[in-house]
Amino acid sequence: MKHFIFFLILFFLPASSDASDRCRDYIPDVRASHALYFGPAFPYHYGIGQIKQESSCRDRVTAFDQGMGPCQFMPSTSKWIQSLMGQKLDPYNRSDACRMQAFYMYRIHKKENWTKFLWIDYQIYNGGRGTLYNEYKRAGKVDWKSMKASCNRKTIVLKSGKKLDFCEVNYDYSQKVFKYGKSYQIMPDSIPFWGGQNDIN
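Remember, it's a predicted structure, so these values are computed and weren't measured experimentally.

Novice: So, unusual backbone geometry: which residues are in play, and what are the values?
Specialist: Phi at Ser56 takes a positive value of approximately 55°, unusual for a residue other than glycine. The residue Ser56 is located in the loop between helix H3 (45–55) and helix H4 (75–85) in this model. Overall, the relative accessible area of 33% leaves Ser56 in the partly exposed class. The phi dihedral of Cys57 is positive, around 60°, even though this residue is not glycine. Residue position: Cys57 is located in the loop between H3 and H4. The class for Cys57 is buried, based on a relative accessible area of 3%.

What follows is the structure, given as structure tokens:
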């Protein structure tokens, strides 16, 4: 009963006082979806930070690599998540996308993250588990700086001529999710974001 009351309190908390921030409109859906899978104490504000990083909180956006909607699911990933959930959902629909995001992040946290730290979850979401785990093994410890130093992912050249270094992309991703998420935080983190040999925040 206490958890149910806490969930209701969380659900009806005000989204934000900054009317110019469109990410505030995502807060009710992200909060409810993360509470559904992780429980009401989960620091859902990082889910907002993730959506801000993925799409700047835009519903109908499609990226150059075919990432879809606010959470930028690839078409194959979207179909796979929907098959696991047993539901037909629209990655461009805000409510559906937030449910898919929370479901997928919970699955990553329980089945793929070999630590208790959220930064690992988000970097798996962005770049996959296998490469990240190999960087951990080369580094010899769970540590953002050491693992980044052991990273040797590819670099591609975009049509614009700009180089895209996938080491920078993946290791910047957790930093940005943390930074953006903190601006929506209203309660203490129940799960540590950073951790390992050395904290970097």
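Novice: Describe the state of the cysteines, and please don't skip the residues or the numbers.
Specialist: The tally for this structure, following the rule as stated, stands at two disulfides. Through a disulfide, Cys23 is tied to Cys57; the S-S separation comes to 2.0 Å. What sets the handedness of the Cys23 and Cys57 disulfide is the S-S torsion sign, and at about 100° it is right-handed. With Cys23 in the loop between helix H1 (2–11) and helix H2 (27–38) and Cys57 in the loop between H3 and H4, this pair connects stretches of sequence that are 34 residues apart. Both residues of the pair, Cys23 and Cys57, count as buried. In this model Cys151 forms its disulfide with Cys167; the gap between the sulfur atoms is 2.1 Å. Every disulfide takes its handedness from the sign of the S-S torsion; for Cys151 and Cys167 that torsion is -95°, giving left-handed. Taken as a pair, Cys151 in the loop between helix H8 (144–149) and strand S1 (155–157) and Cys167 in helix H9 (residues 166–182) lie far apart in primary sequence, 16 residues in all. Cys167 carries the same exposure label as Cys151, and that label is buried. In the chain, the bonded cysteines, taken in the order they occur along the sequence, pair up as 1-2, 3-4. With no disulfide of its own, Cys98 has Cys71 as its nearest cysteine by sulfur position, at a separation of 5.6 Å.

Cut-offs used in this document
Residues numbered from 1 in each chain as written. Predicted model: local features only at pLDDT ≥ 70, side-chain atom pairs only at ≥ 80, totals over all residues. Heavy atoms only, no water. Helix = DSSP H or I, 4+ residues; strand = E, 2+ residues; numbered from the N terminus. Buried < 20%, exposed > 50% of the residue type's maximum accessible area, 1.4 Å probe, protein only. Disulfide = S-S within 2.5 Å.

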